[in-house]
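Coordinates in review
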Amino acid sequence: MSELLVSTSPHIRKKTSTRRIMIDVLIALLPCVVASVIFFGWYSLAIEAISVATAAATEIIYAMISKKCWKDFRGTLKYVLFHNFDFSSVVSGLILALILPVGYAATEGGITSYHYLPWYIPFIGSIFAIALCKMLFGGTGRNLVNPADTARVFLLLSFTALVGSCWGTVATFGLVKGTVFNVQDIDNVLSGATPLTAMLGNGKMLLSPLDLFLGSGVDGMIGETCKVAILLGFAYLAIRKVIKWYFPLIYIATAGLFAVALEGFDFTFFLPSVLSGGLLFGAVFMATDYSTSPKSTLANIIYYVCLGLLNAGLRKATGLEVTSFCILLMNCLTPLLDRYIPRRPFGYVRPVKDKPKKEKASAAQEGKA
Amino acid sequence: MKKIKGFRFSRGVHLPDRKVAAGKPIEVMSAPDVASLSTSMGLGKPSEPVVSVGDRVKMGQLISRASGLISVNVHASVSGEVVAISPKQNATGGTETYIDIKNDGLYETDYLDPLGEDASAEDYRNRAAEAGLVGMGGAGFPTAVKLAPRSPVDTLVINGAECEPYLTCDHRLMIEHTDELVRGMRYFAKALGVDNIIIGIEANKPDCIAKFETYDDIKVVELKKQYPMGGEKQLIYCTTKRKVPVGKLPSDVGVNVQNVATCLAMCEAVELGKPLIERVITVAGDGVKEAKNVLVKMGTPLSSIVDFCGGANDNVVKLVSGGPMMGFAIVGLNSATKKTSGGLLLLTAKETAESSDTHCLSCGKCADVCPMRLMPMNTVFYTKAGDYEGAAKMGGVLNCIECGACAYVCPAKQPILQNIRLAKAELRKKR
């Protein structure tokens with residue numbers, strides 16, 4: 001009892017930490033990693049490894065430089081590794097890898113050939129995500145936009161031919177090829193512009209909702225296709241109270257219902273539109289990012305409803321996969337929502353606005369007189 | 001009356017119980033050899049000593065008179081000779097005037113006259129002032145001032161929530177002194193002129209609830225276990241569903257809140273004429289050999305209380321007076337008990353789970369648990385930037401009740417409450 005700590009209350013703290021939360025997110029992402037290997041082959045694991053390693057290295061190097069590591073290299077490294085490094089860059093790196101395709105289809109002289117995604121795509125993407133989207137804004141909790149999401153948009157626009165044409169990758173690279181429960185003509189799927197249009201085109205569904213749910217035979221980004229894995233991760237995050245379970249559901253339900261409404265209230269579109277594309281993955285892992293979503297409940301509800309409306313609307317208008325663009329757009333609106341959606345304290349009383357009314361009334365009377 | 005279920009307030013946190021001393025009866029500790037009584041026993045101005053060095057005082061004799069409206073009388077807790085009146089270091093490291101009385105072991109009493117059946121509301125109020133009663137929940141607001149509300153009151157709410165972990169002194173009082181407590185409540189009701197008495201008890205104390213159910217004039221409300229249920233505004237909402245408006249007092253919604261320990265003190269002051277010279281204190285935490293509820297005289301040195309509980313372990317890192325959420329850390333065991341010290345916690349490093357703060361990750365968990373529905377992260381953000389007006393506008397810092405729920409849940413271990421207090425102090429300076 002020689003040295004006593006004297007500080008302000010509270011004197012007990014919950015046993016939790018930023019690291020613990022980030023590790024929880026990593027655990028929640030594990031099913032998606034497994035699914036990516038099953039459906040897209042072992043190379044998807046390589047993409048994830050490159051992306052995570054680059055992201056972590058970027059954060060550490062950035063922190064070392066910004067802390068002027070040349071003065072005390074070992075001390076700074078120790079500080080950065082044990083105090084600063086909270087695995088949030090690992091999470092960003094892994095999420096970025098999971099929203100990249102495993103390879104691309106190139107058509108030359110009428111012959112379509114399939115190639116693996118070049119290694120520099122996740123490498124550049126991770127550096128962009130961590131250095132530009134996160135660390136420049138002040139690191140964990142200060143980023144304006146979701147790093148992984150923004151990096152994906154960046155890659156999609158910069159390397160469209162590599163990142164944007166993943167059709168046929170399941171059949172080419174996957175350990176499990178084709179649909180499992182409902183074997184269909186794969187060429188028919190490939191002929192469409194996107195799986196979504198192919199699926200919904202000609203009034204005929206080529207992939208059953210069950211296939212979409214399991215991710216079997218569905219082309220797309222390596223972590224996004226298997227909805228079972230995403231829902232497992234969602235359940236884990238909700239039980240661990242890392243995210244609130246109802247927020248992703250608001251997003252998904254709004255998107256699904258609005259899509260149904262746009263198709264003239266044909267409810268057969270509900271499941272396909274909810275289960276296709278990156279909606280589920282985006283709703284669970286990207287829209288719920290702490291620093292880029294609003295803080296108060298009301299602002300959050302507005303945020304997720306807007307996301308759902310934007311998602312379904314833009315999907316209908318463009319026929320493209322738009323989840324990452326929607327999230328990026330709403331991320332930019334988050335500070336506004338935080339500032340202008342008021343949160344009333346307990347016992348808040350609406351200010352009585354009697355005076356202006358009376359003045360108006362008296363002014364009107366004077367005018368009459 | 002049969003218990004009724006209370007309402008729940010939105011947000012709040014669920015804390016670990018850790019009420020190890022709940023099953024231990026109150027033990028009476030012998031009076032100290034030298035009782036050192038602080039002249040500022042409650043909130044407000046320090047009282048002024050009316051005895052001088054060398055005087056012989058009896059137990060219960062007034063030794064220091066209240067010096068203003070918000071100030072309380074202090075009485076001798078032992079009989080003997082006044083050996084010193086001098087400024088000494090207090091529990092938090094500041095300086096206060098202490099009156100040291102050397103115990104002569106005779107325990108001659110000099111109590112007030114008991115109040116009769118025909119006493120008026122005014123008499124009860126005066127008795128609370130004479131006996132030096134303060135709110136014994138921790139804040140230490142003079143009870144007499146509380147009993148003269150600004151607007152008419154129709155309900156008396158008794159705070160039996162004891163929502164803080166570790167503390168069990170109110171729990172034991174409610175079991176062992178049920179009758180005295182009920183009589184004390186009735187005196188408070190008479191002083192206020194109300195006949196609606198509600199006691200709110202958290203659901204983790206079913207034995208206390210059962211005890212109070214046998215009285216016909218007391219409404220028992222079983223409250224959900226939720227922190228800060230014992231907060232005044234939260235308790236009023238959960239027992240009566242009345243919301244105290246922002247910036248207003250409980251009396252503005254017709255409610256007066258008293259702590260159970262204060263009820264016992266009131267009962268003794270009215271029936272025996274005994275001033276507030278002793279109280280029950282919970283000694284707990286992994287750092288003490290045996291957790292106990294101890295009835296101690298005011299001015300007992302904390303070190304002797306720890307010795308009474310078997311002594312302290314070596315791994316104590318923090319001493320806390322009061323509860324772990326709202327109490328304050330103390331600098332050592334040299335100081336003495338006061339009217340407001342309901343707990344003495346000897347915490348180990350494992351219990352405090354203290355660690356250095358990392359970046360705020362903007363998770364919003366602090367806002368999720370704030371019982372006043374404020375935005376603590378905004379307060380921290382603006383206070384760190386030195387913009388206190390911004391902290392008031394965007395964080396709502398002036399409505400904060402400092403319950404510490406935000407800092408408890410913060411995964412980044414941000415010093416949220418420190419920043420809130422800083423912002424409040426700076427804003428108070430300006431206004």
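Residues numbered from 1 in each chain as written. Chains lettered and ligands numbered in written order. Predicted model: local features only at pLDDT ≥ 70, side-chain atom pairs only at ≥ 80, totals over all residues. Heavy atoms only, no water.

Quick look at the overall build of chain A now. Counting its secondary structure elements, chain A contains 18 helices and 2 strands. Each of the 369 residues in chain A was classed as buried or not, and the buried ones make up 51%. Within chain A, contacts between residues separated by at least 24 positions form 73% of all contacts whose residues are at least 6 apart in sequence. When the accessible surface of chain A is summed, it comes to about 17000 Å², and 68% of that surface belongs to carbon and sulfur atoms. (Helix = DSSP H or I, 4+ residues; strand = E, 2+ residues; numbered from the N terminus. Buried < 20%, exposed > 50% of the residue type's maximum accessible area, 1.4 Å probe, protein only. Contact = heavy atoms within 4.5 Å. Areas by Shrake-Rupley, 256 points an atom, 1.4 Å probe, with all protein chains shown as cover.)

Moving on, we get to a nonpolar patch on the surface. A cluster of nonpolar side chains, contributed by A:W119, A:Y120, A:F123, A:I124 and A:I127, occupies part of the molecular surface with about 430 Å² of accessible area. With respect to the secondary-structure elements, A:F123 resides in helix α5 (residues 120–134). (Patch = residues over 30% accessible without salt bridge, like charges linked within 9 Å, V, L, I, M, F, W, Y side chains within 5 Å. Salt bridge = Lys/Arg side-chain N within 4 Å of Asp/Glu carboxyl O.)

Taken together, the contact pairs 71 residues of chain B with 42 residues of chain A. Of the roughly 4800 Å² buried between chain B and chain A, counting both surfaces, carbon and sulfur atoms make up 56%. Between chain B and chain A we count 1 salt bridge in total. B:D368 is the salt-bridge partner of A:K244, the closest N and O atoms lying 2.9 Å from each other. Applying the counting criterion to the chain B and chain A interface returns 25 residue pairs in polar contact (both at pLDDT 80 or more). (Buried area = accessible area lost by both parts, 1.4 Å probe. Polar contact = N/O pair within 3.5 Å; in protein donor to acceptor, adjacent residues only side chain to side chain.)

With that settled, the discussion passes to the side chain of A:D24. Residue and element names in this part refer to chain A. Looking at the element boundaries, D24 is found in helix α1 (residues 18–40). Among the residues examined, D24 registers a relative accessible area of 2% and is labelled buried. Reaching out from D24, the side chain makes a polar contact with the side chain of R20 at a distance of 2.8 Å. For D24, the contacting residues outside a window of four places in its chain are Y236, L237, R240 and V242.

Turning to the sheet that holds strand β8 (residues 80–89) of chain B, a few remarks are in order. Residue and element names in this part refer to chain B. In space, the 4 strands of this open sheet follow the order β3-β9-β8-β5, with antiparallel pairing throughout. The open sheet has two free edges, formed respectively by β3 (34–38) and β5 (56–57), since each of these has just one partner strand. Bridge count between β3 and strand β9 (residues 95–103): 5 bridges; the pairing is antiparallel. Bridge pairing links S36 to D100 in β9. (Pairing = 2+ DSSP bridges.)

Residue and element names in this part refer to chain B. If you check the domain split of chain B, you get domain 1 (4–20 + 113–271) and domain 2 (365–430). Taking only C-alpha atoms, the centre of domain 1 and the centre of domain 2 are 28 Å apart. In this assembly, domain 1 packs against domain 2 so that about 990 Å² is buried in total across both faces, 61% of it on carbon and sulfur atoms. The largest per-residue losses of area from domain 1 upon contact with domain 2 belong to R11, V13 and Q234, which jointly make up 40% of the total buried on that side. Linking domain 1 to domain 2 there are 0 salt bridges. Taken together, domain 1 and domain 2 are joined by 4 residue pairs in polar contact (both at pLDDT 80 or more). (Domains from an automatic or database assignment.)

Now for the sheet that holds strand β1 (residues 4–5) of chain B. Sheet strands pair by backbone hydrogen bonding; their relative direction is either parallel or antiparallel. All names here are of chain B. An order of β1-β12-β11-β10-β13 is seen for the 5 strands of this open sheet, with the pairing classed as parallel. Each of the sheet's edge strands pairs with one partner strand only, and the pair in question is β1 and β13 (255–259). Sheet topology note: the strand β11 (residues 197–202)/strand β12 (residues 218–223) ladder contains 6 bridges and is parallel. Looking at β12, one finds that I197 is bridged to I218. Where helix α4 (residues 178–192) meets the sheet, it contacts β10 (155–160), β11, β12 and β13, and its direction lies at approximately 145° from that of β10. (Axes fitted to C-alpha atoms, helices over the stretch in contact; angles between N-to-C directions.)

All names here are of chain B. Under the counting rule described, the total for this entry stands at 33 salt bridges over all chains. R186 is paired through a salt bridge with D217; the nearest N and O atoms lie 2.7 Å apart. On the criterion of sequence distance, the pair formed by R186 in helix α4 and D217 in the loop between α5 (206–212) and β12 is long-range, its members being 31 residues apart. The salt bridge partner of K274 is E278, with a shortest N-O separation of 2.5 Å. What makes E278 buried here is its relative accessible area of 16%. Via salt bridges that share partners, E268, K274, E278 and K297 belong to a single interconnected network.

The next thing to look at is helix α1 (residues 121–130) of chain B. All names here are of chain B. Of the positions making up α1, those classed as buried are Y124, R127 and A128. Seen from one end, α1 has its buried residues packed into an arc of 100°, which puts them on one side. The inward-facing, buried residues of α1 abut α2 (143–146), α4 and α7 (260–271). (Arc of directions from axis to C-beta.)

Right, let's get into the packing of helix α11 (residues 376–384) of chain B against helix α12 (residues 388–395) of chain B. All names here are of chain B. Between α11 and α12, whose axes approach to 8 Å, the crossing angle comes to 170°. When the axes of α11 and α12 are compared, the pair comes out roughly antiparallel. Both α11 and α12 take part in a crossing whose hand is right-handed. Side by side, α11 and α12 meet where N378, T379, Y382 and T383 of the first sit next to Y388, G390, A391, M394 and G395 of the second. Across the contact of α11 with α12, the residue classes tally to 4 nonpolar, 5 polar and no charged. (Parallel < 35°, antiparallel > 145°, perpendicular 65-115°, else oblique. Left-handed = near helix turned anticlockwise from the far one by under 90°. Nonpolar A, V, L, I, M, F, W, Y, C, P; charged D, E, K, R; others polar.)

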